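# Report on the structure
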Number of protein chains: 2
Amino acid sequence: MDAYGELLDRLKNIDLIGQIGGLVSWDQEVLMPPKAATLRAEQLAWISKTGHELLTNPRIGELLGELEASEGLDEVQAANVRLARESYDKATKLPTEFVSQMAKHNSKALVSWTEARAKDDFSIFRNDLAKSIDLARQKADYLGFEELRYDALLDLYESGLTVSRVDPLFAGLRDSVAPLVKAVVESEMRPDMTWVESNAWSQPSQEGLSQSVSEAIGFDFEAGRRDASTHPFCGGSNPDDIRWTTRYNESDPFGSLYGSMHETGHGTYEQGRRRDLDFQPAGEANGLGVHESQSRLWENQVGRSREFCEWALPLWQQHFPENTEGVSADDLWRAVNLVEPSLIRVEADEATYNLHIMIRYEIEKKLISGDLEVDDLPDAWDDMYEEFLGVRAPNRTLGVLQDIHWSMGAFGYFPTYTLGNLYAAQLLAVAREDMPDHDENMRRGEFEPLLGWMRRRVHQRGSILKPAELIEEATGSPPSPDAFVEYLRDKVRRLYGVEP
Amino acid sequence: MDAYGELLDRLKNIDLIGQIGGLVSWDQEVLMPPKAATLRAEQLAWISKTGHELLTNPRIGELLGELEASEGLDEVQAANVRLARESYDKATKLPTEFVSQMAKHNSKALVSWTEARAKDDFSIFRNDLAKSIDLARQKADYLGFEELRYDALLDLYESGLTVSRVDPLFAGLRDSVAPLVKAVVESEMRPDMTWVESNAWSQPSQEGLSQSVSEAIGFDFEAGRRDASTHPFCGGSNPDDIRWTTRYNESDPFGSLYGSMHETGHGTYEQGRRRDLDFQPAGEANGLGVHESQSRLWENQVGRSREFCEWALPLWQQHFPENTEGVSADDLWRAVNLVEPSLIRVEADEATYNLHIMIRYEIEKKLISGDLEVDDLPDAWDDMYEEFLGVRAPNRTLGVLQDIHWSMGAFGYFPTYTLGNLYAAQLLAVAREDMPDHDENMRRGEFEPLLGWMRRRVHQRGSILKPAELIEEATGSPPSPDAFVEYLRDKVRRLYGVEP
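Residues numbered from 1 in each chain as written. Chains lettered and ligands numbered in written order. Predicted model: local features only at pLDDT ≥ 70, side-chain atom pairs only at ≥ 80, totals over all residues.

Further remarks concern the relation of the copies chain A and chain B. For these two chains of identical sequence, chain A goes onto chain B by a turn of 180 degrees and a shift of 0.0 Å along the axis, with RMSD 0.0 Å. The symmetry that links the two subunits is that of a two-fold axis. Taking the C-alpha atom as reference, chain A places Val24(A) closest to the rotation axis, 3.8 Å from it. Take the interface residues of chain A: 100% of them recur as interface residues in chain B, which is what a same-surface contact looks like. (Least-squares fit on C-alpha atoms with pLDDT ≥ 70 in both. Contact = placed C-beta atoms within 7 Å.)

All names here are of chain A. Within strand 2 (residues 234–238), 5 of the 5 residues are buried, which leaves the element mostly enclosed by the surrounding structure. Two elements, strand 2 and strand 3 (residues 241–246), share 4 bridges in a ladder whose sense is antiparallel. Bridging from a neighbouring strand, Cys-234 pairs with Trp-244 of strand 3. The loop that links strand 2 with its antiparallel partner strand 3 comprises 2 residues. (Buried ≥ 20, exposed ≤ 12 C-beta atoms within 10 Å, placed from the backbone. Helix = DSSP H or I, 4+ residues; strand = E, 2+ residues; numbered from the N terminus. Pairing = 2+ DSSP bridges.)

As a further point, take the interface of chain A and chain B. The interface is formed by 27 residues belonging to chain A together with 27 residues belonging to chain B. Counting only elements with at least two residues in the side of chain A that touches chain B, the list comes to helix 1 (3–30), helix 2 (37–55), strand 1 (224–228) and strand 2 of chain A. With 7 residues, the top contributor of residues to the side of chain A that touches chain B is helix 1 of chain A. Along the lines of polarity and charge, the residues of the side of chain A that touches chain B split into 13 nonpolar, 7 polar and 7 charged. (Nonpolar A, V, L, I, M, F, W, Y, C, P; charged D, E, K, R; others polar.)

Turning our eyes to something else, we now look at the environment of Gln101(A). Looking at where Gln101(A) falls in the secondary structure, it is placed in helix 5 (residues 96–119). C-alpha of Gln101(A) to C-alpha of Leu135(A): the two residues are 34 residues apart in sequence and 9.0 Å apart in space.

Moving on to the confidence of the model for chain A. Summarising the model, chain A shows a mean pLDDT of 95, and 100% of its residues fall at 70 or more. Predicted as a complex, the structure gets a pTM of 0.93 and an ipTM equal to 0.92. (pLDDT = per-residue confidence, 0-100.)

Our next topic: the domain arrangement of chain A. Residue and element names in this part refer to chain A. When cut into domains, chain A gives domain 1 (3–157) and domain 2 (160–500). Taken over C-alpha atoms, the centre of domain 1 sits 26 Å from the centre of domain 2. With 45 residues of domain 1 at the contact, the number on the domain 2 side is 45 residues. For the side of domain 1 that touches domain 2, the secondary-structure elements that each account for two or more residues are helix 1, helix 4 (75–93), helix 5, helix 6 (123–143) and helix 7 (149–157). Among the elements that make up the side of domain 1 that touches domain 2, the one with the highest residue count is helix 1 (11 residues). For the side of domain 1 that touches domain 2, the per-class residue count stands at 27 nonpolar, 6 polar and 12 charged. (Domains from an automatic or database assignment.)

See the structure below:
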């Protein structure tokens, strides 16, 4: 077998064990009996250890060396070699002892964060967080970076991402979105939410609505499933077995539907991968930012558009005939677009969401560089919320302790959420140029043209290009906040009549 | 690490991958989306191949050699070494090339059997069956045997089983049970089945009934699940995650309930294993015969007793108030004990079931030894059904083509079904001596004493002893058909008033 063939063969086994791990993890979240947790952890540890052993086999390093020195690799082959190199380096640059130390510390930190959050006492988490930051710095040093330590952490979640690329994006948001939000607040307008808040929304009807919408968008339920779980996610094994979840709250019908559209976006991305690249890294979905662009596209750009609400109203009426009596498409559109600064990121609306992320990004940069001390973090957090969102947390639980990410050592992850929003707006702006009937399509529930556009420009391109290159190829411009800012400005004008 | 510790460490990894395989297979049967089948097969093939590689690692052979030569192993240690040796030998004695040839042939034979059965044409399956028999003989030769080739195949499913052990069991059944069945048929008595056959039995109520009964028996739903599948089975991962299934037919309420009790028997066995022996073969459930004894115990010995029907009647009334109006415990008991010779094994009643198995056992012996040619098989089958059950199949589909086993190469498997019935009767006969209140307990739905007895005598003994030794230790006598024959004779006398 030639070197490339042997590399693909080894990558296939690594991918297969990843598929199995995906299924076992899905089961753990969705339907595992409670007493099974301990042995399930042993199974997942075995899967993780075995996958790591396959990936760090020195033979992979030899093959990569050989292939990197060779010429005439085509686009896909070059991508496979590049991506395998990235994984191999990330897996081999961190000493086994250090990985094990991190894993143990993260387990401990997760416990102290949970307790700190429950007791509203930052001091319980303080020392573990300080250690987590220290470990993240060490991790960055092992992985290597050119300018800033934080760059090495950003690169873990979106290949090629750096502070010098992210800073301009958030600057654009800060300068444009914060004033928008302020203008909305000052307008003192609030859509009529009584029809939402005064009714009970039965779970079976919510399930029916989610199912209909997901099917209409184009999720293939012969190659996937919808289930319920505490923390909604999209997982599974491979493009033929994609499983997404949502959660139901009988006093809020929007959470499950928009959560379902979000996960449907992730799911259709996975289902749309190039199948001749099964088991190859080049065929996999791109970085977290691009993945999030597909979920945000359907959740927000489509799902919160006026045209979508016109199409969806009859479905709402079918599943909730009594609750929606007298509700117009305009009422629905205004209700799903409520803009209201709040303390909690996961409950934030489309306009304020990225300000929550921007605050975390600025804080992470300073924590990793040492410009912000852990002891000063809680107040710095609250000050930034006050400055950019006009709200201040009454306690730590609603402030700095709200997110799980840092307790898991996931520094550098947050920015991908905002990248997703920016990419979604940028992609749709160009897609609209190619499809002049886009608004009319949405009004008719004809989602195939938009999904087909994404299939061609994004899904089928897999990870052949780096994320920023993919966005540039698909849209003709490098990543930028402009399309998102314009989209939001237009929307706020139509909803609230304000124009800052 | 000493040799024993290293062996256990390796066995733990083999067990873990088996646990993962159990979960992935369960998912495949119960809820996998249809398009996922192809890649699921790749995942399972990887699991099987990786497990086989771990098991056949020559280091295990070295460790076993060292440990077999050592002295002072305690009961559990000796069992682990013996059981690991059995697995290692079975895995290494068959050449890889031969295993692959068998796997390919079985896939082919499954297809031709399916087609032959659908078209009611034995000739479509004939050549593949002949090849399967030939491969089974070769397998026996690779594995080795003392007296008969068929012994090597029996041993695959129940360690230590041989024709010289099985023959006397079936002789006892043939001499006693066949005349019993004949006497029942000649009595021309049939219980009143109109209340069963004239009603519709809703699936949700059947589910509720199955759930209540399984909980009452003692299945722990915090460490397991109940689901629906086309072919009922008990699977899962480990004693903390045992998953059984049943199927529902709205015109027959007994199939789901007694299927549920059957799988609950398997499930409580797995949940009752010694937890200090996790990951060790000595702690695993014993051979297929002993496993089947636990399912048959609850399904038949308990579930079809008059006392159980007295306890269960109020549950039936609760879940099916209209259908059970005017039905007495006696009516219920007679209906669940209908004895009626039929053509299909899987639908057979408790009295005739073992005659179905006996016929297959006698045929398998002759096929393997060469005393019966494949071309003579279909008629030989029908002749034996006529002789022992008084019925003759009108076609091959209802005759020799009804079971999947031979198409999968599973010669030697059938006898374990009957062993289960015999062991169940033998165990309960002794348990009754220890628990004089047994009948009263059943009448009250107090199942804990019986489950506790099985826990101590059977479940907790794992695979420390060979199956026949375990039965002898638990009951004081080697395996025998006597208890079963006596149980059946007594029952038929009470139900039909006949006494041959």
